[in-house]
Amino acid sequence: DEIDAKLYEPMRRHTTMLVGGPAQFWIEPHSFEAFAAVVSHCRERGIALRVVGRGSNLLVRDGGIRGAVVHPSGGVFSECRAEDGKVIAGAGVRLKKLASVAQAAGIGGFEWMEGIPGNVGGALRMNAGAMGTETFDQVVSVTFLDEDGEIRVRSREEIVANYRDVPELRRNFALQATFEGKPDTAEAIQGRWDASRSKRRASQPVAASAGCIFKNPEETPAGKLVDELGLKGSNEGKARVSEVHGNFIVNGGGATASEVLAVIERIKAVARETRGIELETEVKV
Ligand code: EPU
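Here goes a summary of the coordinates provided. Here the residue index of a chain counts from 1 through its sequence in written order. Confidence filtering applies because this is a predicted model: local features only for residues at pLDDT of at least 70, side-chain atom pairs given and counted only at 80 or more, and all residues used for totals across whole chains, interfaces and linings. Note that water and hydrogens are dropped before the side-chain values are worked out from all heavy atoms of the structure.

### Digging into a negative patch on the surface
Phase 1: Residues Asp1, Glu2, Asp4 and Glu33 make up a contiguous surface patch of negative charge.
Phase 2: Locating Asp4 in the fold gives a position in strand 1 (residues 3-10).
Phase 3: For every residue, the accessible area obtained with a 1.4 Å probe (protein chains only) is divided by the maximum for its type, and the residue is called buried under 20%, exposed over 50%, and partly exposed between those limits. On the accessibility criterion, Asp4 (43% relative accessible area) is partly exposed. What goes into a patch is any residue over 30% in relative accessible area without a salt bridge, connected to like charges within 9 Å or, for nonpolar side chains (Val, Leu, Ile, Met, Phe, Trp, Tyr), within 5 Å. Surface accessibility follows the Shrake-Rupley procedure with a 1.4 Å probe radius. Residue values consider only the protein chains on display as shielding. One side-chain nitrogen of Lys or Arg within 4 Å of one carboxyl oxygen of Asp or Glu is enough to make a salt bridge. Within this scheme the basic residues Lys and Arg register as positive and the acidic residues Asp and Glu register as negative, but His and the chain ends are omitted. For this purpose, a charge sits on NZ of Lys, CZ of Arg, CG of Asp or CD of Glu. Only DSSP runs of H or I reaching four residues or more are called helices, and only runs of E reaching two or more are called strands; each is numbered from the N terminus.

### Here's the deal with helix 1 (residues 32-45)
One turn of the α-helix equals 3.6 residues, which is why residues spaced by three or four share an orientation.
Phase 1: A helix is expected to span 1.5 Å multiplied by its residue count minus one. Spanning 14 residues, helix 1 covers 20 Å between terminal C-alpha atoms, matching the ideal 20 Å at 1.5 Å per step.
Phase 2: Buried within helix 1 are the following residues: Phe32, Ala34, Phe35, Ala36, Val38, Val39 and Cys42.
Phase 3: Positive backbone phi, at 65 degrees, marks Gly46, one or two positions downstream of helix 1.

### Quick word on the pairing of strand 4 (residues 65-70)
Phase 1: Within strand 4, five of the six residues are buried, which leaves it mostly tucked inside the rest of the structure.
Phase 2: Here, a strand pair is defined by DSSP locating no fewer than two bridges between the strands. The pairing of strand 2 (residues 22-29) with strand 4 spans four bridges and is classified as parallel. Bridged to Ala23 within strand 4 is Ile65.
Phase 3: The sheet contact formed by strand 3 (residues 49-51) and strand 4 spans three bridges and is parallel. Each residue of the ladder has a partner; that of Arg50, found in strand 4, is Val69.

### Some words on the sheet that holds strand 15 (residues 235-236)
Phase 1: The strand order 14-17-16-15 describes an open sheet built from four strands, whose pairing is antiparallel. Across the chains shown, the open sheet's two edge strands, defined by having one partner strand only, are strand 14 (209-212) and strand 15.
Phase 2: Bridging between strand 16 (residues 239-241) and strand 17 (residues 248-251) involves three bridges; their strand directions are antiparallel. Looking across to strand 17, one finds that Ala239 is bridged to Asn251.

### Notes on the site of the ligand
Phase 1: When at least one non-hydrogen atom of a residue lies within 4 Å of a molecule or strand, that residue is treated as near it. Every one of the 20 residues lining the ligand counts as a neighbour, but Met131, Tyr163, Cys212, Asp227 and Glu282 are closest to it.
Phase 2: Counting of polar contacts relies on pairs of N or O atoms within 3.5 Å, with two restrictions inside protein: one atom must be capable of donating a hydrogen and the other of accepting it, and residues adjacent in sequence are counted only when both atoms are side-chain atoms. One nitrogen or oxygen atom from the side chain of Gln204 is found 2.8 Å from an oxygen atom belonging to the ligand.
Phase 3: Here an oxygen atom of the ligand sits 2.9 Å away from a polar atom, N or O, in the side chain of His245.
Phase 4: Against a free-state accessible area of 820 Å², the protein chains account for coverage of 71% of the ligand.
Phase 5: Taken together, the elements giving at least two residues each to the shell around the ligand come down to strand 8 (129-130), strand 14 and helix 5 (222-228).

### Description of a nonpolar patch on the surface
Phase 1: Together, Leu7, Tyr8 and Phe25 make up an exposed nonpolar region whose accessible area comes to about 330 Å².
Phase 2: Following the sequence through the fold, Phe25 ends up in strand 2.

### Quick notes on the nonpolar core
Phase 1: Ranked by size, the top nonpolar core spans 30 residues in total, and within it Leu98, Phe110, Leu124, Val142 and Phe179 carry the most contacts.
Phase 2: Counting only elements with at least two residues in this core, the list comes to strand 6 (86-90), helix 2 (95-104), helix 3 (120-126), strand 10 (139-145) and strand 12 (173-180).
Phase 3: If one sorts the elements of this core by residue count, helix 2 sits on top with five residues.
Phase 4: By size, the runner-up hydrophobic cluster in this structure holds 25 residues, among which are Ile213, Leu225, Val241 and Ile249. Residue types Ala, Val, Leu, Ile, Met, Phe, Trp, Tyr and Cys, when buried and joined through side-chain atoms within 4.5 Å, form a set referred to as a nonpolar core.

### Let's talk about the packing of aromatic side chains
Phase 1: For Phe, Tyr and Trp, where Trp contributes only its six-membered ring, two rings pair if their centres lie within 6.5 Å, and the inter-plane angle classes them as stacked under 30 degrees, edge-to-face over 60, or tilted in between. Considering all chains together, one arrives at four aromatic pairs under this definition.
Phase 2: A centroid spacing of 5.9 Å and a plane angle of 50 degrees characterise the contact between Phe35 and Phe77, whose relative ring orientation is tilted. Taken as a pair, Phe35 in helix 1 and Phe77 in the loop between strand 4 and strand 5 (80-83) lie far apart in primary sequence, 42 residues in all. There is no split in this pair, since Phe35 and Phe77 are both buried.
Phase 3: Ring-pair connections join several aromatic residues into one group, and the members of that group are Phe32, Phe35, Phe77 and Phe173.

Encoded structure:
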């Protein structure tokens, strides 16, 4: 009961874009030890392995994923608790849940997480951010599985966190983390929570998406660029550039990964040809 597994599990059930073919082996470990056992099993046998959290920043191709897809959930991975003014959360906890546990404990600063559809593991891996704050602004320490199969804890100072990238967590897997915020009243926290939600509702689409598709290039925000290029609302089948925000591609219902990829490639081509800007996907493709 430390592991649940399925064969040929459709990834469209596990991505917020609602797109993607089957994962050959879908594996849900519920403890650090089970997670480590799955990773070493795959490594010993040369089985390709990737870890997927909430699938909110991920585009899975229609052909699916060969090998094992590990989804930390349940057990220790779903635990989230406040302790001594800090919040400890497993890799499978949603950021929104983390923010509400913090709020209930009178710890502020997590409100920006209210609208982020991802889990803690993915947020650590990519240093997810919004409203001017990033995940690692609040990390105290991270527990991870290293390349030798050892479970280790590293403090914030020992980890390099860049814009949407944490090199250390490319081959090491985040299992749990401790976060910090600032003591505050429930009312003040609620106020910032509501402000974040209103700002997001006014500027980002609610339809199925993977959040922002491209990293912001140095020149200009990607959404603004797509907007200026006149590509908002353009589509390939059921995949469409959001009319609300140019850096979102939304699934209008039953879109395929190849349609989404076609929209991505068209935007990249137009940005390159007309502005000389090389867009890079933020979403893992
Ligand atoms: N803009 C336009 N047209 C558009 C979209 C945006 O002109 O269609 C303009 C806005 O008016 C604003 C500027 O572009 O002046 C920047 O837009 P916004 O404030 O929405 O922020 P962003 O840079 O597009 C970033 C993050 C988002 C995060 C928001 C809010 C990236 C790639 N994106 O977006 O993160 O939610 O700030 O803090 O860094 C994500 O990571 O998936 C994501 C959505």
